[in-house]
Amino acid sequence: MDKIIIEGGVPLEGEVTISGAKNAALPVLSACLLTGGWHTLDNIPNVKDVRTIEEILSNLGVVLEENGQTLKVNSDNLNSYSAPYKLVKTMRASILVLGPLLSRLGKARISLPGGCAIGARPIDLHLKGLSSMGVDINLEHGDVVASTDKLRGANIFFDISTVTGTENLMMAAVKAEGKTTLHNAAEEPEVVDLARMLSQMGARIQGAGTDTITIIGVKELYPVRYAIIPDRIEAGTFLTAAAITKGKVNIKGCNVDHMEAVIEKLLDSGMEIEKRGEGLVAIGHDKIKGVDTKTMPFPGFPTDMQAQFTALMCIANGWSMIRETVFENRFMYVGELKRMGADIEINGSQALVKGKRNLSGAQVMATDLRASASLVLAGLAAKGQTEISRVYHLDRGYQDLDLKLSLLGSKIWREKY
Ligand code: EPZ
């Protein structure tokens, strides 16, 4: 296994280019199941979660040809409709193949994704929506066993805004008979990206990016060449890295429209952010202000930036209250930050942070993807050396984060243990 070691206290300086969005790549790759022929996908990040969905697809008989950040995908010879536990248990977003398999084959057997570190993460809303489209769903030996003779359009109301739930139902609906309307749909940029690709494939979708999405089923879809959006969470992580190290970073290739809530909160904390062409220039200052924030579905402050922002608040002047409203257990990294001297008190879904002048380097352990990013940020700012174990969590969603940081001047490296 790898660990990351950081000698803290170095202000970042230089330029970084943001990779493609993991959470756009996963649904876009799953959508390739909807039709035969060669799809060509650009800007696909080289991260573990993408490799996992590729493995699930090749298990189904899909052919994948990688050439750097470009991936060619062909599902002409689908020879299975099941995704095994050994793969699904490592990534709950594997459930994204359910909708496309039902559309293409009329059946699917997907291991029920377990919970994960950040919460129970049920898929009841995915299944409820599919059954309203005429899908028979049974749970057998830990698998979701789903079948339908024909997907029919339906009026679907999500009790909670669900990103992959919206994506799954959108993919099930594109070739269903009639009209499907998704109410209280997720508005995340990754949902819009998937809708844009599906439309290029010949789907008829209106309203992606709003809370009501309408899909009129079509007879045929066609393979496309499609470039996915940049990763707004990686970009937000680098903005925060510039703030926490009081450095100056030119962040290239990010989409500012996807990051307004994060930019606003970071500006409130006292850093400077200038829009420059296809990117941002981020300048951290010595005085960091404590800022309260609450995570919300898009366009609110993203839950995937909560841990990173909390790390910054640990060295702010004054107090801040961080409220997590999306997941039930997304403060597991706090215990590790406290090992570095952070003064944080958890009360249910809230973290009360008392900013301090410095954090001190320590041995800490990553618990989930965004928690790992938080510990890296804290290590960049801490006095002395920080050693982060279980960085396989980090590698699920960040392409070469430590390499990119070292190119910005940080003293950071990996060791085996
Ligand atoms: C997506 O997860 C992202 N993953 C997550 O990113 C992100 O944190 C999350 O959306 C929220 O923005 C991908 O896109 C692959 P949800 P998803 O369904 O779709 C509850 C990362 O770090 N819910 O929007 O699984 C659920 O428990 C990851 O990149 C149900 O109750 O999240 C949660 O409380 C972490 N029933 C809330 O809805 C359901 O059927 C939002 O979850 C589905 C969801």
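Every value quoted in this text rests on a predicted model; they were computed, and no experiment measured them.

1. Structural notes on the site of the ligand
Alright, step 1. Of all residues adjacent to the ligand, which total 24 residues, the nearest are Arg92, Thr162, Thr164, Asp304 and Val326.
Alright, step 2. Contact with the protein chains covers 90% of the free accessible surface of the ligand, which is 830 Å².
Alright, step 3. Elements that contribute at least two residues to the shell around the ligand include exactly helix H1 (22–31), helix H5 (124–132), helix H6 (163–173) and helix H12 (369–381).
Alright, step 4. Each residue belonging to the shell around the ligand can be placed in one class, and the counts come to eleven nonpolar, six polar and seven charged.

2. With respect to a nonpolar patch on the surface
Alright, step 1. Among the surface-exposed residues, Met1, Tyr392 and Tyr417 lie close enough to one another that they form a single nonpolar patch of about 340 Å² accessible area.
Alright, step 2. Within the secondary structure, Tyr392 is located in helix H13 (residues 392–395).
Alright, step 3. By relative accessible area, Tyr392 is classed as partly exposed at 41%.

3. Quick notes on the side chain of Asp193
Alright, step 1. Structurally, the position occupied by Asp193 is in helix H7 (residues 189–200).
Alright, step 2. Side-chain polar atoms of Asp193 contact the side chain of Tyr226, separated by 2.5 Å.
Alright, step 3. Excluding anything up to four places from it in sequence, Asp193 contacts Ala24, Tyr226, Ala227, Ile228 and Ile229.

4. Focus: the packing of helix H8 (residues 232–245) against H12
Alright, step 1. The N-to-C vectors of H8 and H12 enclose an angle of 20 degrees; their axes lie 9 Å apart at closest approach. Relative to H12, H8 is oriented roughly parallel. Note on packing geometry: the crossing formed by H8 with H12 is right-handed. Residues Ile233, Thr237, Thr240, Ala241, Ile244 and Thr245 of H8 lie in contact with H12, whose contacting residues are Arg370, Ala373, Leu377, Ala378, Leu380 and Ala381.

5. Observations regarding the pairing of strand S20 (residues 343–347)
Alright, step 1. Of the strand pairs in this sheet, S20 and strand S21 (residues 350–354) are connected by five bridges, and their pairing is antiparallel. Within S21, the residue paired with Asp343 across the bridge is Lys354.
Alright, step 2. Connecting the antiparallel pair S20 and S21 is a turn made up of two residues, with Gly348 showing a positive phi of about 65 degrees.

6. A few points about a negative patch on the surface
Alright, step 1. A contiguous patch of negative charge on the surface is contributed by Asp257, Glu260, Glu264 and Asp268.
Alright, step 2. Here Asp268 is to be found in helix H9 (residues 260–268).
Alright, step 3. We classify Asp268 as partly exposed; its relative accessible area is 36%.

7. Details of the environment of Val364
Alright, step 1. With respect to the helices and strands, the residue Val364 is situated in strand S22 (residues 363–365).
Alright, step 2. Residues Val364 and Leu375, spaced eleven residues apart in sequence, show a C-alpha to C-alpha distance of 7.7 Å.
Alright, step 3. If sequence neighbours within four positions are ignored, Val364 has contacts with Glu336, Arg339, Met340, Leu375, Thr386, Glu387, Ile388 and Ser389.

Criteria and cut-off values
Residues numbered from 1 in each chain as written. Predicted model: local features only at pLDDT ≥ 70, side-chain atom pairs only at ≥ 80, totals over all residues. Heavy atoms only, no water. Near = heavy atom within 4 Å. Areas by Shrake-Rupley, 256 points an atom, 1.4 Å probe, with all protein chains shown as cover. Helix = DSSP H or I, 4+ residues; strand = E, 2+ residues; numbered from the N terminus. Nonpolar A, V, L, I, M, F, W, Y, C, P; charged D, E, K, R; others polar. Patch = residues over 30% accessible without salt bridge, like charges linked within 9 Å, V, L, I, M, F, W, Y side chains within 5 Å. Salt bridge = Lys/Arg side-chain N within 4 Å of Asp/Glu carboxyl O. Buried < 20%, exposed > 50% of the residue type's maximum accessible area, 1.4 Å probe, protein only. Polar contact = N/O pair within 3.5 Å; in protein donor to acceptor, adjacent residues only side chain to side chain. Contact = heavy atoms within 4.5 Å. Axes fitted to C-alpha atoms, helices over the stretch in contact; angles between N-to-C directions. Parallel < 35°, antiparallel > 145°, perpendicular 65-115°, else oblique. Left-handed = near helix turned anticlockwise from the far one by under 90°. Pairing = 2+ DSSP bridges. Lys, Arg positive; Asp, Glu negative; His and termini not counted. Charge placed at Lys NZ, Arg CZ, Asp CG, Glu CD.

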